[in-house]
Amino acid sequence: MTSTDTTLLEQPRFCGIPTFMRMPQASAPDHFDIGLVGVPYDGALTVRPGARFGPRELRNASCMTRAINHATGVNPFARCRVADLGDVPFSSLFDVPQAHAQIRQFLRPFFAAGKKLVIAGGDHSITYPILQAIEPAEPLGLIHIDAHTDTWDQFAGSKFSHGSPFRRAVEDGLIDPKRSVQIGIRGAQNTEEGWRYSLDQGMRVLFIEDVQTLGIPAVIEQARRVVGDGPTYLSFDVDAIDPAFAPGTGTPEIGGLSTREALQLLRGLRGLNLVSADVVEVSPPYDPSGNTALVGATLMYEQLCLLAEAPRATS
């Protein structure tokens, strides 16, 4: 089994080019099995901007990454060739559909080559073009961990905001709502549209009160049952975490998951047929301690461990 060149992990953490998890850089699909990609775009936010700086700070925080997961025993770098593929380049920042097209254009060759990606946002609108770039043969299952359902129709005249990616994905047949679970939903809204759409389409919506009542093991069991054995995408909005632990995000909602609960939840997804994953909405301007970037980088590492164990993660 081919492994990653981990030479950079042996260097002092403050040295060298700050790639994701200090991994080697690559661009050709035959040089890696799992790629780490930045999408520095927040042109579809509805309130506080800043997630465009997320990938850069996630790279900086990820210098703290070590190889072996103490809880699961997984060393993703020994199982697979992991590489930093750089950032999606943008030339149309002020045209959301065109920016989304550039995300698709950059990512599509990697997915077409059968590779898996861990993607750092950016705002949550980027998940829609990511799913389009995957071009699944059949609708994917979805595990969506977030404070918000992101299934509203439009905002301020746009149908492509960070509050709409999963509605667009359902409409396009990219995800199967009956194989989709949304975990940690909370916060008052001016309309029930998002909640109602998710429920009416057959998504399993676990509000934070459900999570508290059921407990994380039961939530894991429900998520695994909903998505089953089929190909599934994993999306983690950092605002699922309580802002006491992760204040650096654009739409914070109090009363969320703790970091310990988030790790337990992700580790409970081992063995699922995950095709790729993302961590979005880390907004460094609202992250005075850098803790949110550390949380986000750690979530990316946990996702990497999951993908390294998932079917067809190696070549």
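From a predicted model like this one, the values you see are computed outputs, not experimental measurements.

### Examining the overall build of the protein
Secondary structure assignment for the protein yields ten helices and eight strands. Against the compact-globule benchmark of 20 Å for 315 residues, the protein has a radius of gyration of 18 Å, which places it among compact chains. Dimensions of the protein, computed from the C-alpha atoms along their principal axes, are close to 50 × 45 × 40 Å. Split into buried and exposed, the 315 residues of the protein put 57% on the buried side. Considering only contacts in the protein between residues 6 or more positions apart, those separated by 24 or more positions represent 77%. Each charge sign in the protein was given a centre, from 27 positive and 35 negative side chains, and these centres are 5 Å apart.

### A closer look at the UniProt feature "binding site: Mn(2+) 2" (unreviewed entry) in the protein
The feature "binding site: Mn(2+) 2" (unreviewed entry), as given by UniProt, occupies H124 in the numbering adopted here. Within the fold, H124 resides in the loop between β3 (116–121) and α4 (127–134). The residues contacting H124, other than those within four sequence positions of it, are H144, D146, D150, H162, P165, F166, S235, D237, D278, V280 and E281.

### Some words on the sheet that holds β3
A sheet is described by the order of its strands in space; here eight strands give the open sequence β2-β1-β3-β8-β7-β4-β5-β6, paired in parallel fashion. Two strands in the sheet have a free side with no partner beyond their single neighbour: β2 (82–87) and β6 (204–207). Ignoring strand direction, the axes of neighbouring strands in this sheet form an average angle of 15°. The strands touched by helix α8 (residues 216–227) within the sheet are β4 (140–145), β5 (175–185), β6 and β7 (232–237), with β5 carrying the most contacts at an inclination of about 165°.

### Considering the layout of surface pockets
A water-sized probe rolled over the atoms picks out the places where empty space is left. Volume-wise, the largest pocket comes out at about 420 Å³. As for the largest pocket, its lining consists of 20 residues, and the residues nearest its centre are T46, W152, F155, G163 and Q189. Taken together, the residues that form the lining of the largest pocket break down as four nonpolar, eleven polar and five charged.

### Comments concerning the UniProt feature "binding site: Mn(2+) 1" (unreviewed entry) in the protein
Following the UniProt record, the feature "binding site: Mn(2+) 1" (unreviewed entry) maps to D146, H148, D150, D237 and D239 here. On the basis of their most widely separated C-alpha atoms, the annotated residues across 94 residues gather in one place, lying no more than 12.2 Å apart. Of the annotated positions named here, the largest pocket is lined by H148, D150, D237 and D239. As for its position among the elements, H148 is in the loop between β4 and α5 (165–171). Not counting residues within four places of it along the chain, the set of residues in contact with H148 comprises I185, R186, Q189, D239, T251 and E253.

### With respect to the nonpolar core
Counting residues in each nonpolar core, the largest one holds 54 residues, and the members touching the most others are I143, I145, I183, L234, F236 and L257. Apart from residues no more than four positions distant in its own chain, I145 is found in contact with I183, L234, S235, F236, D237, A240, L257, L265 and L266.

### Structural notes on empty space enclosed by the protein
Considering all chains together, one arrives at one cavity of 30 Å³ or more under this definition. By volume, the largest cavity amounts to about 30 Å³. What lines the largest cavity is N69, T72, V74, R267, R270, E302, C305, L306 and E309. The leading source of residues in the lining of the largest cavity is helix α10 (residues 291–309), at four residues. Grouping the amino acids of the lining of the largest cavity by side-chain chemistry returns three nonpolar, two polar and four charged.

### Some points on unusual backbone geometry
A cis geometry characterises the amide bond from G121 onward to G122, with omega recorded as 20°. Within the fold, G122 resides in the loop between β3 and α4. Phi is positive for M21, which is not a glycine, with a value near 60°. Within the secondary structure, M21 is located in the segment before β1 (34–39). For M21, a relative accessible area of 1% translates into the label buried. If you check the backbone angles, A156 has positive phi at about 50° while not being a glycine.

Procedures and definitions
Residues numbered from 1 in each chain as written. Predicted model: local features only at pLDDT ≥ 70, side-chain atom pairs only at ≥ 80, totals over all residues. Heavy atoms only, no water. Helix = DSSP H or I, 4+ residues; strand = E, 2+ residues; numbered from the N terminus. Rg over C-alpha atoms; globule rule 2.2 N^0.38 Å. Buried < 20%, exposed > 50% of the residue type's maximum accessible area, 1.4 Å probe, protein only. Contact = heavy atoms within 4.5 Å. Lys, Arg positive; Asp, Glu negative; His and termini not counted. Charge placed at Lys NZ, Arg CZ, Asp CG, Glu CD. UniProt positions renumbered as here; feature names shortened; annotations may be inferred. Pairing = 2+ DSSP bridges. Axes fitted to C-alpha atoms, helices over the stretch in contact; angles between N-to-C directions. 1 Å grid on protein atoms, 1.4 Å probe; cavity = no way out; pocket = protein on both sides within 12 Å on 5 of 7 lines; lining within 4 Å. Points joined across faces, edges and corners; volume = space filled by probe spheres on them. Nonpolar A, V, L, I, M, F, W, Y, C, P; charged D, E, K, R; others polar. Core = buried A, V, L, I, M, F, W, Y, C linked by side-chain atoms within 4.5 Å.

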